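One-letter residues, chain by chain:
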Amino acid sequence: MDLGTKLKQARQSRNVTQETLAERLGVSRQTISNWENNRSYPDIVSIIALSDLYGVSLDALLKGDPKMIEHLQQQTNTVKSRRQLSKAALLSAYLLVWAGTILAFWLGGRKDAMGYSLAAFYLALPAATLVCAAFIGREKSWAGWGKVMIPVFGLAHMLAPYATFSLANRASLGRFAWPDLQDMAEGVLWASVGVLLGVGLRTAEERRKKRDQSVKEKE
């Protein structure tokens, strides 16, 4: 038996109309009709929701419909690709800001050391770290990476002044200096705040969704 027939029978056995089901899932009635007539397939989130609403296991719903299983596999691969692309884009954006602060120094920023420091090390780099770290904390696809990325952001904060003022002083005075660990601590602080902010936003959003789902079930 195909998925559409199973969904239709499960809905009818519980005396639920397509309109009511559509409201609970947040989709249109036409979408429900398309699912039940095999004109389109529900995504994995909708499948799980339907399984819960009907009290039918995922195995029972999907078994016997190879096209649906293939559809879910393709959808899963697409989601993974998008997540990887999103991660690459986020890290690339941060690296551009980081490299931009260094490039700006050597292109003339060192002529106004105070102004450059304020713009690069107290505004641009901390802001970029905070925003990127918040995205990492908010997105589940980054789960587990927060602890790894925090010291990476700290390292970036430490190397930025080293690749600018420290190298400039070495070039002019011939003095060698090691990177300042205090600069790394500042980066770790900003990254930690960002990750915690992101986790807080994600938690608040999950709680809101649970409340909305609870209200829908009571209705």
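Residues numbered from 1 in each chain as written. Predicted model: local features only at pLDDT ≥ 70, side-chain atom pairs only at ≥ 80, totals over all residues. Heavy atoms only, no water.

*Asks:* Tell me about the overall build of the chain, residues and numbers included.
*Replies:* Secondary structure assignment for the chain yields 9 helices and 0 strands. Mapped in sequence order, the helices and strands of the chain form the string α-α-α-α-α-α-α-α-α. Relative to the 2.2 N^0.38 estimate, which gives 17 Å for 219 residues, the radius of gyration of the chain is 26 Å and therefore markedly larger than a compact globule would have. Taken along the three principal axes of its C-alpha coordinates, the chain extends 85 × 35 × 25 Å. For the chain, the residues scored as buried account for 31% of the 219 residues in total. For the chain, the computed accessible surface area is about 13700 Å², with 60% contributed by carbon and sulfur atoms. (Helix = DSSP H or I, 4+ residues; strand = E, 2+ residues; numbered from the N terminus. Rg over C-alpha atoms; globule rule 2.2 N^0.38 Å. Buried < 20%, exposed > 50% of the residue type's maximum accessible area, 1.4 Å probe, protein only. Areas by Shrake-Rupley, 256 points an atom, 1.4 Å probe, with all protein chains shown as cover.)

*Asks:* Describe the packing of aromatic side chains, with residues and values.
*Replies:* Applying the stated criterion across every chain yields a total of 7 aromatic pairs. Geometrically, the ring pair formed by Phe 105 and Phe 165 is edge-to-face, given 4.9 Å between the ring centres and 65° between the ring planes. With Phe 105 in helix 6 (residues 66-106) and Phe 165 in helix 8 (residues 146-173), this residue pair connects regions lying 60 residues apart in the sequence. Judged by its relative accessible area of 23%, Phe 165 is partly exposed. These aromatic residues form a ring-pair network of at least three members: Phe 105, Trp 106, Tyr 116, Phe 121 and Phe 165. Its guanidinium or amino end placed over the ring of Trp 142, Lys 87 lies 5.4 Å from that ring's centre, counting from NZ or CZ. (Phe/Tyr/Trp six-rings, centres within 6.5 Å; stacked < 30°, edge-to-face > 60°. Lys NZ or Arg CZ within 6 Å of the ring centre and 35° of its normal.)

*Asks:* Summarise the packing of helix 7 (residues 113-138) against helix 8; cite the residues concerned and give the values.
*Replies:* With their axes 11 Å apart at the nearest point, helix 7 and helix 8 run at an angle of 165° to one another. Considering their axes alone, helix 7 and helix 8 lie roughly antiparallel with respect to each other. For the element pair helix 7 and helix 8, the recorded crossing hand is right-handed. Residues Ala 113, Tyr 116, Ser 117, Phe 121, Leu 125, Pro 126, Thr 129, Cys 132, Ala 133 and Ile 136 of helix 7 pack against Gly 146, Met 149, Phe 153, Ala 156, His 157, Ala 160, Pro 161, Thr 164 and Phe 165 of helix 8. Partitioning the contact of helix 7 with helix 8 into residue classes produces 14 nonpolar, 5 polar and no charged. (Axes fitted to C-alpha atoms, helices over the stretch in contact; angles between N-to-C directions. Parallel < 35°, antiparallel > 145°, perpendicular 65-115°, else oblique. Left-handed = near helix turned anticlockwise from the far one by under 90°. Contact = heavy atoms within 4.5 Å. Nonpolar A, V, L, I, M, F, W, Y, C, P; charged D, E, K, R; others polar.)

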